[in-house]
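Inside the fold
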Amino acid sequence: AAVQICRKLGVTAIGTASAGKHVRLRELGLSEAIDYRNMDFEAEVKRVTNGRGVDVVLDPVGTFRKSFRCLAPVGKLMMYGASATVSGEKRNLFAAASAVLKMPWFHPLQLLPDNKGIFGVNMGHLWGEGDLLAREMGEILKGFEAGEFKAIVDLEVPFAQARRAHERLQSRENFGKLVLVP
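Residue positions are given per chain, counting from 1 as you read along its sequence in written order. Given that the model is predicted, a residue must reach a pLDDT of at least 70 before its local features are reported, and side-chain atom pairs must reach 80 or more before they are shown or counted; all residues, however, enter totals for whole chains, interfaces and linings. The side-chain figures draw on all heavy atoms in the structure; neither hydrogens nor water molecules are used.

Attention shifts here to the overall build of the protein chain. Labels follow the DSSP assignment, with helices taken as runs of H or I lasting at least four residues and strands as runs of E lasting at least two, numbered in each case from the N terminus. Assigned secondary structure in the protein chain consists of eight helices and seven strands. Note that the radius of gyration is over C-alpha atoms, with the globule rule given as 2.2 Å times the number of residues to the power 0.38. Here the protein chain has a C-alpha radius of gyration of 18 Å; the compact-globule value for 182 residues is 16 Å, and the two agree. Residue burial in the protein chain is summarised as follows: out of 182 residues, 28% are buried. Note on contacts: a residue pair qualifies if any of its non-hydrogen atoms lie within 4.5 Å across the two residues. Put simply, of all contacts in the protein chain between residues at least 6 apart along the chain, 40% involve residues at least 24 apart. For accessible areas, the Shrake-Rupley method is used with a probe of radius 1.4 Å. Any residue's cover is judged against the shown protein chains and nothing else. Per element, the accessible surface of the protein chain, about 12500 Å² overall, is 59% carbon and sulfur. The positive count covers Lys and Arg only, the negative count covers Asp and Glu only, and His and the chain ends enter neither. Just so you know, the charge point we use is NZ for Lys, CZ for Arg, CG for Asp and CD for Glu. For the protein chain, the distance from the average site of its 25 positive side-chain charges to the average site of its 20 negative ones is 4 Å. Classification of residues uses two cut-offs on accessible area relative to the type maximum, computed with a 1.4 Å probe and protein chains only: under 20% is buried, over 50% is exposed, and between them is partly exposed.

Next comes the structure, spelled out in structure tokens:
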């Protein structure tokens, strides 16, 4: 979705994904694909931008420290997930705690000399913001109506096989959304 929005806005999109997803991402409009499994994405972002960094980082993973260092002056880090806290097939509280402890704590006064901003989003806490969500959703729906956006569905899975969908997500094999069908 982010790549499609970048394409609509005419901005350069740099993204991280496993190598097997790069071709499809480029077809959607990604300019630079970085294989996060085999490359240091921070170094690659700096290389691609000639050391400047990027204006916006969207981080659903929780690599906030590195993402923050990828920002250009007055860049913004948008945090909306922490999938790095989940590893393996079973719940591992030690791994989750370790990932959380590696995340930086940002103090407002530390942001001033860096000239950078940080923003966090948790959709679960915005359900009471109907007017805001309706405005944002209205803009997205306009993109669908104009044919600028399309839903990327990786797989439809019968609800009775929800475990299969979760396993696919956890293995990071999916490209797009997994839809559970009742």
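Okay, the environment of R65 next. Positionally, R65 belongs in helix α4 (residues 64–69). Its relative accessible area of 40% is what places R65 among the partly exposed residues. R65 sits 12 residues away from L77 along the chain, and the two C-alpha atoms are 9.9 Å apart. Setting aside chain neighbours within four positions, we find R65 in contact with K102, M103 and P104.

With that out of the way, let us pick up the environment of V100. Checked against the element boundaries, V100 lands in helix α5 (residues 93–102). A C-alpha to C-alpha distance of 8.6 Å links V100 and A82, two positions 18 residues apart in sequence.

So, about the confidence of the model for the protein chain. Averaged over every residue, the pLDDT of the protein chain is 89; residues scoring 70 or more account for 94%. Element-level pLDDT for the protein chain is lowest in α5, with a mean of 71, against a maximum mean of 97 in helix α3 (residues 41–48). Residue-level confidence of the predictor is what pLDDT reports, using numbers from 0 through 100.

Time to look at the packing of aromatic side chains. Stacked, tilted and edge-to-face are the three classes assigned to paired rings of Phe, Tyr and Trp, where Trp is represented by its six-membered ring and a pair needs centres within 6.5 Å; plane angles under 30 degrees give stacked, over 60 edge-to-face, the rest tilted. Per the stated rule, a full pass over the model turns up one aromatic pair. Judged by centre distance (6.1 Å) and plane angle (80°), the rings of F144 and F149 are edge-to-face. Residue classification places F149 among the buried positions, given a relative accessible area of 11%. Counted as over-ring charges are cases with an Arg CZ or a Lys NZ within 6 Å of the ring centre that also lie within 35 degrees of the ring normal. One cation-aromatic arrangement involves K66 over F41; the distance from NZ or CZ to the ring centre is 4.8 Å. The ring of F68 has K116 sitting right over it, with the charged end atom 5.0 Å from the ring centre.

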